[in-house]
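Close look at the chain arrangement
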Protein chains: 2
Amino acid sequence: MKVNVPDLNQPRVVIIGGGFGGITLAKALKNTAVQVVMFDKNNYHTFQPLLYQVATGGLEPDSIAFPIRKMFKNQSNFFFRMAEVRSVNAEKKMISTSVGEIRYDFLVVATGSRTNFFGIDAMEKMGKGMKNIPEALDLRHIILNNFEKAVLTTDLKERSALMNFVVVGAGPTGVETAGALAELKTHILPKDFPELDLRQMQIHLVEASDQVLPGMSAESTKNAKKALTKLGVNIWLNTRVQDYNGLNVSMSMPGEIQTRTLIWSAGVIGNMLPGLEGAAGHGGRIKVDQFNRVRKHDREFAIGDVALMSTEAYPDGHPMVAQPAIQQGELLARNIKNIIFGRSMQPFKYRDKGSMATIGRNKAVVDMKKTRMRGVFAWLTWMVVHLFYLAGFRNKLVVFINWFWSYMTYDKGTRLIMRKVVDKTTEELREAEKEELPLEEPELVGA
Amino acid sequence: MKVNVPDLNQPRVVIIGGGFGGITLAKALKNTAVQVVMFDKNNYHTFQPLLYQVATGGLEPDSIAFPIRKMFKNQSNFFFRMAEVRSVNAEKKMISTSVGEIRYDFLVVATGSRTNFFGIDAMEKMGKGMKNIPEALDLRHIILNNFEKAVLTTDLKERSALMNFVVVGAGPTGVETAGALAELKTHILPKDFPELDLRQMQIHLVEASDQVLPGMSAESTKNAKKALTKLGVNIWLNTRVQDYNGLNVSMSMPGEIQTRTLIWSAGVIGNMLPGLEGAAGHGGRIKVDQFNRVRKHDREFAIGDVALMSTEAYPDGHPMVAQPAIQQGELLARNIKNIIFGRSMQPFKYRDKGSMATIGRNKAVVDMKKTRMRGVFAWLTWMVVHLFYLAGFRNKLVVFINWFWSYMTYDKGTRLIMRKVVDKTTEELREAEKEELPLEEPELVGA
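Residues numbered from 1 in each chain as written. Chains lettered and ligands numbered in written order. Predicted model: local features only at pLDDT ≥ 70, side-chain atom pairs only at ≥ 80, totals over all residues. Heavy atoms only, no water.

**Here's the deal with the pattern of salt bridges**
For clarity, the cut-off: Counted as salt bridges are all cases of a side-chain nitrogen of Lys or Arg within 4 Å of a carboxyl oxygen of Asp or Glu. The helix and strand labels rest on DSSP assignments: H or I over at least four residues marks a helix, E over at least two residues marks a strand, and numbering proceeds from the N terminus. Relative accessible area decides the class of each residue, using a 1.4 Å probe on protein chains only: under 20% of the type maximum gives buried, over 50% gives exposed, and in between gives partly exposed.
Tallied over the full model, the rule gives 20 salt bridges over all chains. Between Glu195 of chain A and Arg69 of chain B there is a salt bridge, and its shortest N-O distance comes to 3.3 Å. Here Arg69 of chain B lies in helix α3 (residues 68-71) and Glu195 of chain A lies in the loop between α7 (172-192) and β12 (202-206), a pairing that spans two chains. On the accessibility criterion, Arg69 of chain B (7% relative accessible area) is buried.

Structure, rendered in structure tokens:
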């Protein structure tokens, strides 16, 4: 049995985070005379673009996550540490982690981003984010649990709040989530809950700007809006959500929605690391130069969502999606080699491959440099692109089968309530339920 | 949209538990003029025979669980309530649940069984059961987490305790778990953890009786023992585990094993319900007559693991496995109809279809009435039988692909640490780790 021991004479590249950027960089450093040490608090890489399908019962979490060690099993200069990184000491070239300190020659911060609640306390407490697998699973279980509770309650107002969903933010995640909820309403839930009148289920998509999918072409925006409306999604444009107490959503527009589930997909914020505050830009991101360096001449780098590189084309930084992270990871691997071999570095140039969102069965919009697509062809493109970037052949296969299955049967396989969803609302609700329950036999709830 | 409303004039059959027995009974009551109300605290049916594969990273939990509502979506006399049943009041023909009280005409207790720690406090606290999906997931995450921790520790004794596994009880579950751990050791973990010397990983199978798979034929017992030994499993027969403090296992035999993971598969105990204590038999089971009635002339029944029917062939009750539950569910459906139509009931007669256990790749033992099998053919039989009883075509397909995949690639797809495993030992360990860590740079751990 060969036991892998690091070569201590090689320069050590410490990568913080196993997202798209970190993974791409580490892979590109295979066969390079460096020691790669990756830290992540999870032992897996998450394919974030499909989290919404986990949340809405379309996919198992295991098929959109990939064990990091498995990804690198044939790369002998790669070492993984499941631990949290707490701070950076750039002067000493050290980072401090939950398992001790470690020295680096090159440091790459690829910590990504998390849900941005814009400091709205009520939202942080009661709104549901969807930026990682535990959050997506929680959301899945909340959604399903709501319907189980809706069957049991005799309070019509409460039942309607349980069956209403508010999605805040109409970017790709918000649009895809609202679309998936609409599919649940049409094809899945009426079969599972014949005791409920699913026409009562309302899906609201609330967006602060004047269009869905802001940033995409006017054509795609229009098509997405049309498709969502046809699916029965209520779209509120130019509307800001101001408060939420677990039941009442108050908005900048007149009118109030009551819901037990507010899904927050209105933005993300970079995962800044203590010790790099000097380079902090807006939105929790770290300012970097065109070589992804945090400071000139230094050996600290940041890539992906957490990196804020201001260029002529993108003065506010690149979009916080997978492609800039992947491309920066690729380039940084080359530049680290350039530094080691005394060559000059190459500046980053973002190649925009376009953007896309799926809205439901047979419906998607795709914007590419020279072409735009919608309908079935866009939907197929969306699937092919997502399968292409999904890590691991087994995952691709299982996801494909699940999609094919859902398509053919109008069904979703995975709708198990496996987590204990204990938020205050649920607990309060249970308490309230207990008090309200009559001692005589409750009638089975009809419509 | 058709909304399903129960016919209140029909007799109401309340089934507690959506295991093999409850599900079979409810299905067999389709097209019968009764109202079927099933209670379960989960919204899914669990295929318990494959829980050990979830625990050892071979299968996703979603593929061995099936949503109960989905199972009955075409059965209009079926109503599901996700709730906990707290007690039975047989005099009033009522049960009390977490969502109120409900009257019944027929009550069927199909609550199954849970891990039996035989009142050993230390075991209940520190040992890991594997009788439901959350427990199996916890175990999976503990196993994988142990190896992540083994990489990080410099304490050789601790590392060895993290890499040792003790399985208590050599029934089918214990044997299959030990076999799956041995496969992890041989084929999976060395690739994932090149920094560790996997030869140090020890798997101990401890059994109180004088053979593995007690109850199976002498031939199968012998073959199973041989196969386990060949896989490197240490078998301790005639040995009782007496105490475990989270690290040291003390046994009735001289010698002490140190392990951070003790898997308890030494027995199960029936899930007795308050209110039926008058009929309590041994092992938490409810005494029933040959018609599965709790008391003569009464309308309370118990089936499956929780039912204790003493017959000539089985004076101590039927084995607590799937087959008696399924067969009793089938018969009870007929007998409920017999009662309703004033016909006489049929007594239960158990058809023993045999028993089987898989030990690893290409290895299994099967005992049937007239024939015994081992090796590849037994292994294939084991797979076919398990796929046959697994609910849902999609589940069968996904499980089959996973098995085929593992077989061809010597790999397992799902080894993500997704739950926060916070037991006292882990916390204590972390505290200990923190204190021990040197302030200077820790060396990357070699062999």
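**Concerning the pairing of strand β9 (residues 106-109) of chain B**
All names here are of chain B. Put simply, the rule is: In short, DSSP must find at least two bridges between two strands for them to pair.
The two faces of β9 match: Phe106 and Val108 on one face and Leu107 and Val109 on the other face are all buried. Summarising the sheet, strand β1 (residues 12-16) and β9 pair through four bridges and their orientation is parallel. If you follow Ile15 over to β9, its bridge partner there is Val108. As judged from the three bridges shared by β9 and strand β20 (residues 300-302), these two strands associate in the parallel manner. Pairing of Val108 across the sheet is with Phe301, part of β20.

**Some words on the sheet that holds strand β16 (residues 256-258) of chain B**
All names here are of chain B. We apply this condition: What counts as an axis is a line fitted to C-alpha atoms, over the stretch in contact for a helix, and the angles between N-to-C directions run from 0 to 180 degrees.
Spatial strand order, β14-β15-β16: three strands in an open sheet with antiparallel pairing. Looking at strand neighbours, the two that pair on one side only are β14 (241-244) and β16, the edges of this open sheet. For this sheet, the mean angle separating the axes of adjacent strands, direction not counted, is 25°. One ladder, built from three bridges, connects strand β15 (residues 248-251) with β16; its direction is antiparallel. Bridging from a neighbouring strand, Val249 pairs with Ile257 of β16.

**Thoughts on the environment of Trp382 of chain A**
All names here are of chain A. Inclusion rule: Residues are treated as being in contact if the distance between any of their heavy atoms lies within 4.5 Å. Under the rule applied, a polar contact is a pair of N or O atoms within 3.5 Å (in protein, one hydrogen donor and one hydrogen acceptor; residues adjacent in sequence only if both atoms are side-chain atoms).
Considering the arrangement of structural elements, one finds Trp382 in helix α10 (residues 375-389). Since its relative accessible area comes to 2%, Trp382 is described here as buried. Apart from the residues within four sequence positions on either side, Trp382 is in contact with Leu50, Tyr52, Gln53, Glu176, Met356, Ala357, Thr358, Ala364 and Trp403. At 3.1 Å, the side chain of Trp382 and the side chain of Glu176 are in polar contact.

**Some details on the environment of Pro194 of chain A**
Here Pro194 of chain A is to be found in the loop between α7 and β12. Of the residues examined, Pro194 of chain A reaches a relative accessible area of 18% and is grouped as buried.

**As for a nonpolar patch on the surface**
This is how the line gets drawn: Only residues whose relative accessible area exceeds 30% and that form no salt bridge are eligible for patches; like-charged ones are grouped when within 9 Å, while nonpolar side chains (Val, Leu, Ile, Met, Phe, Trp, Tyr) are grouped when within 5 Å. Each accessible area value is a Shrake-Rupley result obtained with a 1.4 Å probe; residue values ignore everything except the protein chains displayed when judging cover.
Among the surface-exposed residues, Phe400, Phe404 and Met408 of chain A lie close enough to one another that they form a single nonpolar patch of about 340 Å² accessible area. Summarising the element assignment, Met408 of chain A is placed in helix α11 (residues 393-409).

**Overview of the confidence of the model for chain A**
Residue and element names in this part refer to chain A. Convention followed: Across the chain, each position has a pLDDT score giving the predictor's confidence in that residue, from 0 to 100.
Per-residue confidence for chain A gives a mean pLDDT of 88, with 91% of residues at or over 70. The secondary structure element of chain A with the lowest average pLDDT is helix α12 (residues 424-436), at 40, and the one with the highest is strand β9 (residues 106-109), at 98. Below a pLDDT of 50 lies the segment residues 421-447, which in the model reaches 43 contacts outside its immediate sequence neighbourhood of four places, other chains included. Per the prediction output, this complex has pTM 0.85; the corresponding ipTM is 0.80.

**Details of the sheet that holds strand β11 (residues 164-168) of chain B**
Residue and element names in this part refer to chain B. Reading across the sheet, the four strands line up as β13-β12-β11-β17 and stay open at both edges, with parallel pairing between neighbours. Of all strands in the sheet, those with a lone pairing partner are β13 (233-236) and β17 (261-264), marking the two edges. With strand direction ignored, the average angle separating the axes of adjacent strands in the sheet is 20°. Contacting β11 and β17, helix α5 (residues 133-152) runs over the sheet at an angle of about 160° to β17. Of the strands in this sheet, β12 (202-206) and β13 are in contact with helix α8 (residues 218-230), which crosses β13 at around 135°.

**Quick notes on helix α11 (residues 393-409) of chain B**
Defined as follows: By this rule, a helix spans an expected 1.5 Å times one less than how many residues it contains.
If you check α11 of chain B, its first and last C-alpha atoms are 24 Å apart, about what 17 residues at 1.5 Å a residue would give, namely 24 Å. When we look at burial in α11 of chain B, the residues that qualify are Arg394, Asn395, Val398, Val399, Ile401, Asn402, Trp403, Trp405 and Ser406 of chain B. Buried residues in α11 of chain B make contact with α11 of chain A together with α2 (51-55), β4 (65-67) and α10 (375-389) of chain B.

**Description of unusual backbone geometry**
Most of the time, phi is negative for any residue but glycine, and the peptide bond is trans. All names here are of chain A. With a phi close to 65°, Asn31 is a non-glycine residue in the positive phi region. Relative to the assigned elements, Asn31 resides in the loop between α1 (20-28) and β2 (35-40). Positive phi values are uncommon outside glycine, yet Phe118 reaches one of about 50°. If you trace the backbone, Phe118 turns up in the loop between β10 (113-115) and α4 (121-126).

**Some details on α1 of chain A**
Taken across its nine residues, α1 of chain A has seven buried, putting it largely inside the fold. Of the residues making up α1 of chain A, those classed as buried are Phe20, Gly21, Gly22, Ile23, Thr24, Leu25 and Ala26 of chain A.

**Overview of the pairing of strand β1 (residues 12-16) of chain A**
Judged by how many residues are buried, β1 of chain A sits mostly within the fold: five of five residues are covered. Here β1 of chain A shows two buried faces, one formed by Arg12, Val14 and Ile16 of chain A and the other by Val13 and Ile15 of chain A.

**Considering a positive patch on the surface**
Residues and elements named next belong to chain A. Heads up, the condition is: Residues scored as positive are Lys and Arg, those scored as negative are Asp and Glu, and His as well as the terminal groups of each chain are ignored. Where a charge lies is defined by one atom per residue type, namely NZ (Lys), CZ (Arg), CG (Asp) and CD (Glu).
On the surface, a cluster of positive charge is contributed by Lys222, Lys226, Lys230 and Arg374. The element contributing the most residues to the positive patch is helix α8 (residues 218-230), with three residues. Looking at the element boundaries, Lys226 is found in helix α8.

**Quick word on the packing of aromatic side chains**
For any pair of aromatic rings, geometry is given as the distance between the ring centres together with the angle between the planes. How we decide: For Phe, Tyr and Trp, where Trp contributes only its six-membered ring, two rings pair if their centres lie within 6.5 Å, and the inter-plane angle classes them as stacked under 30 degrees, edge-to-face over 60, or tilted in between.
Evaluated as defined, the whole model comprises 21 aromatic pairs over all chains. Judged by centre distance (6.5 Å) and plane angle (65°), the ring pair of Phe118 of chain A and Trp264 of chain A falls under edge-to-face. You can see Phe118 of chain A sitting in the loop between β10 and α4 and its partner Trp264 of chain A sitting in strand β17 (residues 261-264), a full 146 residues away along the chain. Trp264 of chain A sits in the buried class, given a relative accessible area of 5%. Measuring from ring centre to ring centre gives 5.8 Å for Phe20 of chain B and Phe47 of chain B, while their planes differ by 75°; the resulting arrangement is edge-to-face. Taken together, the positions of Phe20 of chain B in helix α1 (residues 20-28) and Phe47 of chain B in the loop between β3 (44-46) and α2 put the pair 27 residues apart, joining distant regions of the chain. Through pairs of rings, three or more aromatic residues link up here, namely Phe117, Phe118 and Trp264 of chain A.

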